[in-house]
Amino acid sequence: MIDIQYSAEVRAAKDAGQPIVALESTIITHGMPYPQNIEVAAQVEQDIRDAGAVPATIAVIKGKLHVGLEADELKSLGQAQGVAKLSRADMAACMATGGTGATTVAATMIAAHYAGIEVFATGGIGGVHQGAETTFDISADLHELAQSPVTVVAAGAKAILDLAKTLEVLETLGVPVIAYGQDEFPAFWSAKSAYAAPLRMDSADDIAKAHATRRALGLPGGQLVANPIPTEDQIPAEELAPIIASAQADADAHRISGKGVTPYLLQRIYEQTEGRSLTANIALVRNNARLAAGIARALSNRTD
């Protein structure tokens, strides 16, 4: 058994049977500079508390799996250099060798399930990259959604991805994709895309019931809740399309591949939108945290 290092707040919540929402840590180490990363992480945690649940930011620190970070640990992680970006393939290796790593969507799902946490809020999931028919560049997040029984609240998949192929892979893997409050699949910075969502639900209670029903049926894997960014915070898809295309062309020209693709594209989009993409990213993460807290509360209140 792996010894989990719980924060005092998360330990108390588990003992009291309070709803808990998992949070990833790559947004802290790879998403934005210090001290903005710490400020945003603390704000997202507070959003979850204000919505009636307890936040559990997950990371590996010196080989130990932390579920919930104390304030000093959060600050230290936010300033750390050379932090690994962990997914299913390298999470155990990092722990075994005493390393420090921030969890992606896949790794956070693994840790959340191991810790008995059923709901996780993030920004956007990874998916099928443009040109994957030749590069086979497909995020481990999709397969994790088919394996770990965690409800993931995200603003859809990152708009830099091939959304059509991402939805096809999720369908093949049997992952429920539930748009919250609309029929269209959201596209991260944009509230809507050209693609219909396979499912729609309009309340946290219904989403919680679907999660519980999957569990009762013995179905593996979780479900993706695609929560659109508030319209007042979005960047419209038609405005973003040429910017994303330009960033992708730059990446191709510089032969950026593998794990380097996403951070490169996000940085180029940040530059070309004059920082608006980061502002929208923060807004959508906070929006997802609030919905995730509602789902966690609804699950906690169920008697089945």
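Provided above is the structure to which this section pertains.
Calculation notes
Residues numbered from 1 in each chain as written. Predicted model: local features only at pLDDT ≥ 70, side-chain atom pairs only at ≥ 80, totals over all residues. Heavy atoms only, no water. Helix = DSSP H or I, 4+ residues; strand = E, 2+ residues; numbered from the N terminus. Buried < 20%, exposed > 50% of the residue type's maximum accessible area, 1.4 Å probe, protein only. Contact = heavy atoms within 4.5 Å. Areas by Shrake-Rupley, 256 points an atom, 1.4 Å probe, with all protein chains shown as cover. Axes fitted to C-alpha atoms, helices over the stretch in contact; angles between N-to-C directions. Parallel < 35°, antiparallel > 145°, perpendicular 65-115°, else oblique. Left-handed = near helix turned anticlockwise from the far one by under 90°. Nonpolar A, V, L, I, M, F, W, Y, C, P; charged D, E, K, R; others polar. Expected span 1.5 Å × (residues − 1). Pairing = 2+ DSSP bridges. Salt bridge = Lys/Arg side-chain N within 4 Å of Asp/Glu carboxyl O. Polar contact = N/O pair within 3.5 Å; in protein donor to acceptor, adjacent residues only side chain to side chain. Core = buried A, V, L, I, M, F, W, Y, C linked by side-chain atoms within 4.5 Å. Arc of directions from axis to C-beta. Patch = residues over 30% accessible without salt bridge, like charges linked within 9 Å, V, L, I, M, F, W, Y side chains within 5 Å.

Engineer: Can you walk me through the overall build of the protein in this structure?
Structural biologist: Regarding its fold elements, the protein presents 13 helices and 11 strands. Across its three principal directions, the C-alpha atoms of the protein cover 50 × 40 × 35 Å. The proportion of buried residues among the 304 residues of the protein is 53%. Once local pairs closer than 6 in sequence are excluded, the contacts in the protein between residues at least 24 apart make up 74%. Surface summary for the protein: the accessible area is close to 13,300 Å², and the carbon and sulfur share equals 52%.

Engineer: Before we go on, may I ask you to explain the packing of helix 11 (residues 237–253) against helix 12 (residues 261–272) in this structure?
Structural biologist: Angle between the axes and distance between the axes are the two parameters that describe a pair of packed helices. For the pair helix 11 and helix 12, the least separation of the axes is 9 Å and the interaxial angle reads 130 degrees. Here helix 11 is positioned oblique relative to helix 12, judged by the angle of their axes. In this structure, helix 11 meets helix 12 at a crossing whose hand is right-handed. Touching Leu240, Ile243, Ile244, Ser246, Ala247, Gln248, Asp250 and Ala251 of helix 11 are Tyr264, Leu265, Arg268, Ile269 and Gln272, all from helix 12. When its residues are assigned to classes, the contact of helix 11 with helix 12 shows 8 nonpolar, 3 polar and 2 charged.

Engineer: Looking at this structure, how should I read the packing of helix 3 (residues 36–50) against helix 13 (residues 276–301)?
Structural biologist: One way to put it is that helix 3 packs onto helix 13 with a least axis distance of 8 Å and a crossing angle of 25 degrees. When the axes of helix 3 and helix 13 are compared, the pair comes out roughly parallel. Of the two possible hands of crossing, helix 3 and helix 13 adopt the one that is right-handed. Contacts from Gln36, Val40, Gln43, Val44, Asp47 and Ile48 in helix 3 reach Leu278, Ile282, Val285, Arg286, Ala289, Arg290 and Ala293 in helix 13.

Engineer: What is the right way to read helix 3 from this model?
Structural biologist: Because each turn of an α-helix spans 3.6 residues, side chains separated by three or four positions in sequence point in the same direction. Taking 1.5 Å of rise per residue, the 15 residues of helix 3 would be expected to cover 21 Å, and the 21 Å separating its terminal C-alpha atoms lies within 8% of that figure. Listed in full, the buried residues belonging to helix 3 are Asn37, Ile38, Val40, Ala41, Val44, Glu45, Asp47 and Ile48. Elements that come into contact with the buried residues of helix 3 comprise strand 2 (20–23), helix 2 (26–29), strand 3 (54–61), helix 4 (71–79) and helix 13. Directly beyond the C-terminal end of helix 3, a positive phi value near 95 degrees is found at Gly52.

Engineer: Can you walk me through the pairing of strand 8 (residues 151–154) in this structure?
Structural biologist: Side-chain positions along a regular strand alternate between the two faces of the sheet. Along strand 8, one buried face is formed by Thr151 and Val153 and the opposite face, lined by Val152 and Ala154, is buried too. Two elements, strand 7 (residues 119–121) and strand 8, share 3 bridges in a ladder whose sense is parallel. In the sheet register, Phe120 faces strand 8, and the bridge partner there is Val152. As judged from the 4 bridges shared by strand 8 and strand 11 (residues 223–226), these two strands associate in the parallel manner. By the bridge assignment for strand 11, Ala154 is matched with Ala226.

Engineer: Help me understand the pattern of salt bridges in this model?
Structural biologist: Side-chain pairs of opposite charge can arise whenever the charged atoms involved come near each other. All chains considered together, the criterion is met by 13 salt bridges. A salt bridge links Glu118 to Arg215; the nearest nitrogen and oxygen atoms lie 2.5 Å apart. Residue Glu118 is found in the loop between helix 6 (105–114) and strand 7, and its partner Arg215 is found in helix 10 (residues 204–217); the two are separated by 97 residues along the sequence. Under the relative-accessibility criterion, Glu118 is labelled partly exposed at 25%. Several salt bridges converge on common partners, so that one network encompasses Glu9, Glu45 and Arg49.

Engineer: For this particular structure, what's the right way to read the side chain of Glu24?
Structural biologist: With respect to the helices, strands and loops of the structure, Glu24 is situated in the loop between strand 2 and helix 2. Within the structure, the side chain of Glu24 is placed 2.3 Å from the side chain of Thr122, a separation counted as a polar contact. Those residues in contact with Glu24 that lie beyond four places of it in its chain are Thr57, Ile58, Thr103, Thr104, Val105, Thr108, Phe120, Ala121 and Thr122.

Engineer: Looking at this structure, I do not really get the nonpolar core. What am I missing?
Structural biologist: Ranked by internal contacts, the top residues of the largest apolar core, which has 93 residues, are Leu65, Val67, Ile125, Phe185, Trp189, Leu224 and Ile295. When residues in this core are grouped by element, the largest group, 13 residues, is from helix 13.

Engineer: Which parts of the structure should I look at to understand helix 12?
Structural biologist: Counted at 1.5 Å a residue, the expected span for helix 12 with its 12 residues is 16 Å, and the 17 Å between its end C-alpha atoms agrees. Burial in helix 12 covers these residues: Val261, Thr262, Leu265 and Ile269. Burial along helix 12 is one-sided: seen end-on, the buried residues are contained in an arc of 90 degrees. After helix 12 finishes, the residue Glu274 shows a positive phi value of roughly 55 degrees.

Engineer: Sorry if this is basic, but what is going on with a nonpolar patch on the surface here?
Structural biologist: On the surface, Met1, Ile2 and Tyr114 cluster together to form a nonpolar patch covering roughly 400 Å² of accessible area. Tracing the chain through its elements places Ile2 in the segment before strand 1 (4–6). Judged by relative accessible area, which is 45%, Ile2 ranks as partly exposed.

Engineer: Looking at this structure, I do not really get the side chain of His211. What am I missing?
Structural biologist: In this structure, His211 sits in helix 10. There is a polar contact of 3.0 Å between the side chain of His211 and the side chain of Glu118. At a separation of 2.7 Å, a polar atom in the side chain of His211 contacts the side chain of Thr151. When residues no more than four places from it in sequence are discounted, the contact partners of His211 are Glu118, Pro149, Val150, Thr151, Gln223 and Leu299.

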